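Below, each chain spelled out in residue letters.
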Amino acid sequence: MKKERSKKYRVIQAVRILSQSIFFILFFYLLLATHFPGEDYIGRVEVFFHFDPLLAIATFIASRAFYASFALGASTVVLTFVLGRVACGWVCPLGSFHQFFSFIFKKSKLLKPKKNGDNRTAWKYYLLIFILVGTLFSLDLVGIFDPLSLLYRSFVASILPAISVGFSAFIGLLYQINISSLGDSLVQFFENLAVNSVFRQGFFLGVLFIGILLLNLSRERYWCRYLCPLGAFLGLISRWNVMKLKIDPKKCIDCWLCTIHCQTQARPYPEEDWKSSECVYCYTCSSICPTSAISFPVKSTPEEIVKVDLSKRKLIFTALLGIAAIPFFRLSPSTRRASPKLIRPPGALPEKKFLQKCVKCGECMKACPTNGLQPALAEAGPEGIWTPILVPKIGYCEYYCSLCSQVCPTGAIQELAVMEKTKIKIGLAWVNKNTCIPYNLGTPCIVCEEHCPTSPKAIKLVKTEVKLPDGTIKTPVAPIINTDLCIGCGICETKCPVVDEPAIYVTSVGESRSETNQLLLDIIKGEDELF
Amino acid sequence: MKRRDFIKDLALGSLLLKVNPSLLAQDKNAPDLAWIQGDSPSLITREAISSLGGMNRFVSRGDVVVVKPNIGWDRTPKLAACTNPEVVKTLVELCLAAGAKEVKVMDNPCNPARRTYVRSGISEAAKEAGAKVLLPNPHRLKKMALNGEWLKEWRVYTDFVEADKIINVPIAKTHSLSRLTMGMKNWLGAVGGNRNQLHQKLDQAMIDLASFFKPCLTVLDAYRILIRNGPQGGRVSDTKLHKTVVAGVDYVAVDTAGATFFDLGPQELPYLRVAHQKGFGETDLEKLIIEKRTL
């Protein structure tokens, strides 16, 4: 008998790698393209997320509202129902990323693939159940674990910023050795990419992401095989799997190569062990087989429902654990008082609704032209980790920009036309007279007033008497806020020349989206005339 | 060339080197200020330059020229927060026609440069005319000796210092500290560092910066001026159509002329008064030859 690897499946494998590369490049391109495009409106750069049925379902259940763009997710569902988890093997950019590193680790002998399987593949199903149970009670944790959110967020808030910092250092070197013309063109190119390079949790998110990559040192595509809740979800709905693994017993030499090198522990050998719900149709087994014994003929009988060893006990336990965990996520002081630093981007839904919809992907943080949108740490409570908040110390909300609202894939930030956006208050500015330069030193400043974008300006300059340490009195103009006009954009705080702790700062009070986080009762204004 | 001529030229040349370059550009027949009014921003700009003796007077063949408009804010031209794009475009065209090797257009804005460059219309207009439009490059910031009265040194974009000629193209606007922002205030957009601290002695900072950069020509865009809520405005009603440009070598005189559009004079603008005292320019418009015309 001729011993030869299957040509057909090696071609299919090559096509699969091409497909993965194309989708990864597309994902990365859309990510890079998420910045001010030269006009007010940006195209649907967030479209990748809409093909993710897990995000669709989780936000649907958590918010009890369907977001129309997620209809695209149905195509993934149908695809998976008929063909199995091809989306994992051929499309998912995080899957490709993991596979690439697994490949590198394998080639460099850092990872030695093992023959024996284990039942850790069940973890991802438990995680999925944990997440979905939460959504029933409007606790939306899906964004933390969803592969697209994870990848996008990590790239935006950590990987790209790190590249940007490294690149900048490299350019600095070019100037030092006097190749400034090359430096100039590189700078212009890079500035036009508009990569936001300052993120508060950049290091932390980077460690997490690289940690997840390093898991591939233990098992190939570790994340996909043990952890990914989207993979679990697709595994559950893969039903028909019309391409069925078949091993020709006459050709098979029982070498175990297919099972050893299976990317996701679907165990193609022995044939009866094959788990269609774990198979991502990467065709590694059929192309690696030294005797071309493995094929995937089309057969239209449905698979048995989930061949996963999920014990009923553990299922119920996970669900109960999920329910028990919910109140822990809500142990946040923000239930008593609005958090002053919880300044949401304009168009953000009221906080409760917002948390039910935000998937923590980081699209808005990528689109923000000033780098002001940052992942929250504790400001929004445990369930709000990595949701976007404006940190005016870093960057402010650009007056004529509504990009964040346009790129939000779930409608957690409602899409706004630019003119609508300029009318939304996201907070209010306050002067700290203890540190403000004119109020203390009698020295002129006016920087906050100069930058205030509203017309008329929300910051007024008023002559103020200031007593200096030597007893003399000066009367500089000093800033006073008109809270009716202030929209809380924070440019005053960003630009304040008091460099360490800006003497003017924005807090969330007065935000349009909240009924309760208000300074004055509106009723009083109207009734003034009665008295 | 005879040896005698060579020595003569050399002596003359070395004498002239010590003189302010703007004096070199002085033309006995040309007016001090061209003050042109008309419906087309581009035509009045063209007319102003030709009244001053043409761009050849300022730009020589092979020069690298930096044109410095005000591109400070994310505002469209009708809001008059940035220099009129047509004026900038015309100047770039004139520089290239005069034989400039390269014309760079740049500013260090207050809002993100990628937005202000586009939304002000200046990026597109200047590129159309053949200019190189440059986003501010932090690697080109260098601490330099300004030797000013107050600013001894500051971080400056070297593009301006390395250029053969600098042309300042400000827009006339109100400002709550210097009262008006025109040519001399425009230089805050050529520097980096913590610029916002310059406001603590803004008038002096403006004088120090203007006398450091020494533009060979200042063209004040007063086509649409900002009369309220400066320096950003925000509503068309904050602006006033004035349809004028004022151009000249003497930047103090240009700003003084611009101040008249707001009914202000050197007595209300300390920076003009001090600049005049220091000998940087003239604030008495009576003493100047002004070519005033309406197209």
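In this text the structure is predicted, and so the values were computed from the model without any measurement. (Residues numbered from 1 in each chain as written. Chains lettered and ligands numbered in written order. Predicted model: local features only at pLDDT ≥ 70, side-chain atom pairs only at ≥ 80, totals over all residues.)

The secondary structure content of chain B amounts to 10 helices and 12 strands. Whereas a compact globule of 295 residues would reach a radius of gyration of roughly 19 Å, chain B reaches 18 Å, a difference of no more than 12%. Referenced to the eigenvectors of the C-alpha coordinate spread, the extents of chain B come out at roughly 65 × 45 × 40 Å. In chain B, buried positions account for 56% of the 295 residues. (Helix = DSSP H or I, 4+ residues; strand = E, 2+ residues; numbered from the N terminus. Rg over C-alpha atoms; globule rule 2.2 N^0.38 Å. Buried ≥ 20, exposed ≤ 12 C-beta atoms within 10 Å, placed from the backbone.)

So, on to the overall build of chain A. Per the secondary structure count, chain A includes 24 helices and 10 strands. Overall, the C-alpha framework of chain A stretches about 105 × 65 × 40 Å when taken along its three principal axes. Expressed as a percentage of contacts within chain A between residues at least 6 apart in sequence, the contacts between residues at least 24 apart total 75%. (Contact = placed C-beta atoms within 7 Å.)

Contact residues are listed per partner, giving 25 residues for chain B and 33 residues for chain A. At three residues, helix α5 (residues 113-119) of chain B tops the list of elements feeding residues into the side of chain B that touches chain A. Along the lines of polarity and charge, the residues of the side of chain B that touches chain A split into seven nonpolar, 13 polar and five charged. (Nonpolar A, V, L, I, M, F, W, Y, C, P; charged D, E, K, R; others polar.)

Residues and elements named next belong to chain B. Most of strand β3 (residues 102-106) is tucked away: four of the five residues are buried. Note that strand β2 (residues 64-69) and β3 share four bridges and pair parallel. Directly across from V66, in β3, lies its bridge partner K104. Note that the unit made of β2, helix α4 (residues 85-97) and β3 has a crossover that is right-handed. (Pairing = 2+ DSSP bridges. Right-handed = clockwise from strand over helix to strand, strands pointing away.)

All right, on to the environment of P290 of chain A then. All names here are of chain A. By secondary structure assignment, the location of P290 is in the loop between α15 (284-288) and β2 (294-295). Residue P290 is classed as partly exposed on the basis of its C-beta count, with 15 C-beta atoms lying within 10 Å. Note: C-alpha distance between P290 and C258 (32 residues apart in sequence) is 9.4 Å. The residues contacting P290, other than those within four sequence positions of it, are K3, R5, C255 and L257.

This next bit is on the confidence of the model for chain B. Mean pLDDT for chain B: 93, with 91% of residues reaching 70 or above. In the model output, the complex is listed with pTM 0.93 alongside ipTM 0.90. (pLDDT = per-residue confidence, 0-100.)

Attention now goes to α4 of chain B. Residues and elements named next belong to chain B. Look at α4: 18 Å from first C-alpha to last across 13 residues, which is about the 18 Å you get at 1.5 Å a residue. Counting buried positions along α4 yields 11 of 13 residues, so the element is predominantly enclosed. If you check which residues of α4 are buried, you get P85, E86, V87, V88, K89, T90, L91, V92, E93, L94 and C95. Of the residues trailing α4, G99 is marked for its positive phi of about 105°. (Expected span 1.5 Å × (residues − 1).)

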